[in-house]
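What follows is the residue order along each chain.
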Amino acid sequence: MTIAILDYGAGNLRSVELAFARLGVPTVVTNDSAVAMQADGLILPGVGAFADAMHALEQSGLIPALVHAKETNKPLLGICLGMQALFEGSEEGEGVAGLGFIKGYVRRLPDTAGLKIPHMGWNDIRAEKASPLLENLPDEPYVYFVHSYACFADDASDVLTTTDYGVRFCSSVQRGNVFGTQFHPEKSGRVGEQMLKNFADYVQKEVR
């Protein structure tokens, strides 16, 4: 089993790679679509601005590998901006299309009195449905966020967890084999480590 971490110039690659290494999970960091298509699971990391990331992703030639994963039920996990890229679009990049794997839109967090933007630090996640990604987590899991924009799914059945920060937003999603986390599991201590292990276990199960 191999999980490909996609390198398109807009991702926090090393910390994700190290997190899987600590779990003993084999990964390959690649910008080659052919290599990504051969992998058993994909990680789409992301930092920065939505429009820049989508342009970089298009220029990388990796979008066909992502579409192939969705269409063949290969497990795919988008992290932070990588999750936002799974949606149809964002206020951060009006007119720039996302991948559209999850129906919905990315909007700026509200300027609520007393809350700083970006939302940076630890916050809880509330499970909205059962998922392999959430197995063996504590009752009140806390994870690490760094973002100014948040995802709002059109279909409630796609929402895996929610979090409150001035507004209740979608902090993780699952639609079939496609997963996304707005937070950074690779920076979320034992909770995040468990989620990455859960994803790797799910990939392994799908390979069999």
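Chains are numbered independently. Their residues run from 1 in the order of the written sequence. pLDDT decides what is reported in this predicted model: residues at 70 or higher carry local features, side-chain atom pairs at 80 or more are listed and counted, and totals for whole chains, interfaces and linings draw on all residues regardless. Values shown for side chains rest on all heavy atoms present in the structure; no hydrogens or waters enter the calculation.

**As for the overall build of the chain**
Then step 1. Within the chain one finds 6 helices and 12 strands.
Then step 2. Taking 2.2 N^0.38 as the reference for a compact globule, 208 residues should give roughly 17 Å; the C-alpha atoms of the chain span a radius of gyration of 16 Å, in line with that estimate.
Then step 3. Dimensions of the chain along its principal axes, counting C-alpha atoms only, are 50 × 40 × 30 Å.
Then step 4. Burial here depends on accessible area, computed with a 1.4 Å probe over protein chains only, as a share of the maximum for the residue type. Under 20% is buried, over 50% is exposed, and the range in between is partly exposed. The 208 residues of the chain split such that 50% are buried. A run of DSSP states H or I qualifies as a helix once it reaches four residues; a run of E qualifies as a strand once it reaches two. Both are numbered from the N-terminal end. C-alpha atoms define the radius of gyration, and 2.2 Å times the number of residues to the power 0.38 defines the globule rule.

**Section: the pattern of salt bridges**
Between side chains of opposite charge, a pair can form when the charged atoms approach closely.
Then step 1. The working definition used for a salt bridge is a side-chain nitrogen of Lys or Arg within 4 Å of a carboxyl oxygen of Asp or Glu. Under the counting rule described, the total for this entry stands at 9 salt bridges.
Then step 2. Across the pair D158 and R175 runs a salt bridge whose closest N-O atoms are separated by 2.8 Å. A residue pair is termed long-range when its members are at least 10 positions apart, and D158 in the loop between β9 (149-153) and β10 (159-164) and R175 in strand β11 (residues 168-175) qualify at 17 residues.
Then step 3. Among the ionic pairs, R168 bridges to D164, the shortest N-O distance being 3.4 Å.
Then step 4. Linked by salt bridges that have partners in common, R126, D164 and R168 make up one network.

**A look at helix α6 (residues 189-207)**
Then step 1. With 19 residues, α6 ought to run about 27 Å at 1.5 Å a step, and its terminal C-alpha atoms sit 27 Å apart, in line with that.
Then step 2. All of the buried residues along α6 are V191, G192, Q194, M195, L196, N198, F199, A200, Y202 and V203.
Then step 3. Contacts between residues were defined by any pair of non-hydrogen atoms, one from each residue, lying within 4.5 Å. Buried residues in α6 make contact with β1 (3-6), α1 (13-22), β3 (41-44), β4 (76-79), β8 (142-147) and β12 (178-181). By definition here, a helix of n residues has an expected span of 1.5 Å times n minus one.

**Some remarks on unusual backbone geometry**
Then step 1. With omega at 10 degrees, the peptide bond leading from I117 into P118 counts as cis.
Then step 2. Locating P118 in the fold gives a position in the loop between β5 (104-108) and β6 (119-124).
Then step 3. With a phi angle near 65 degrees, N73 is a residue other than glycine that sits in the positive phi range.
Then step 4. Within the secondary structure layout, N73 lies in the loop between α4 (63-71) and β4.

**Considerations on empty space enclosed by the protein**
Where empty space is left in the structure can be found by rolling a water-sized probe over the atoms.
Then step 1. The way it works is a 1 Å grid over only the protein atoms, where trapped points that fit a 1.4 Å probe form a cavity and open points with protein on both sides within 12 Å along at least five of seven lines form a pocket, and then any residue with an atom within 4 Å of a point lines it. Grid points are joined across faces, edges and corners, and a volume is the space filled by probe spheres set on the points. Scanning all chains against the criterion turns up 1 cavity of 30 Å³ or more.
Then step 2. Put simply, the largest cavity is a space of about 30 Å³.
Then step 3. Lining the largest cavity, in full, are D124, R126, T162, T163, D164 and R168.
Then step 4. Ranked by residues supplied to the lining of the largest cavity, first place goes to β10 with 3 residues.
Then step 5. Note on residue categories: nonpolar means Ala, Val, Leu, Ile, Met, Phe, Trp, Tyr, Cys or Pro, charged means Asp, Glu, Lys or Arg, and polar means any other residue, Gly included. Its residues placed into classes, the lining of the largest cavity shows no nonpolar, 2 polar and 4 charged.

**Here we look at the side chain of N123**
Then step 1. Among the structural elements, N123 can be located in strand β6.
Then step 2. Judged by relative accessible area, N123 falls into the buried class, the value being 12%.
Then step 3. Any pair of nitrogen or oxygen atoms within 3.5 Å is treated as a polar contact; in protein, a donor-acceptor pairing is required on top of that, and neighbouring residues in sequence qualify only through side-chain atoms on both sides. Within the local environment of N123, its side chain forms a polar contact with the side chain of H119, the two groups lying 3.4 Å apart.
Then step 4. Reaching out from N123, the side chain makes a polar contact with the backbone oxygen of D164 at a distance of 3.3 Å.

**Observations concerning the side chain of T30**
Then step 1. Within the element layout of this structure, T30 appears in strand β2 (residues 27-30).
Then step 2. What makes T30 buried here is its relative accessible area of 7%.
Then step 3. Leaving out residues up to four positions away in the same chain, T30 has contacts with A4, I5, L6, D7, V35, A36 and L62.

**A short note on the layout of surface pockets**
Then step 1. Roughly 170 Å³ of internal volume is contained in the largest pocket.
Then step 2. Counting residues per element, the ones that place at least two in the lining of the largest pocket are α5 (81-85) and β8.
Then step 3. Per-class residue counts for the lining of the largest pocket are 6 nonpolar, 6 polar and 2 charged.

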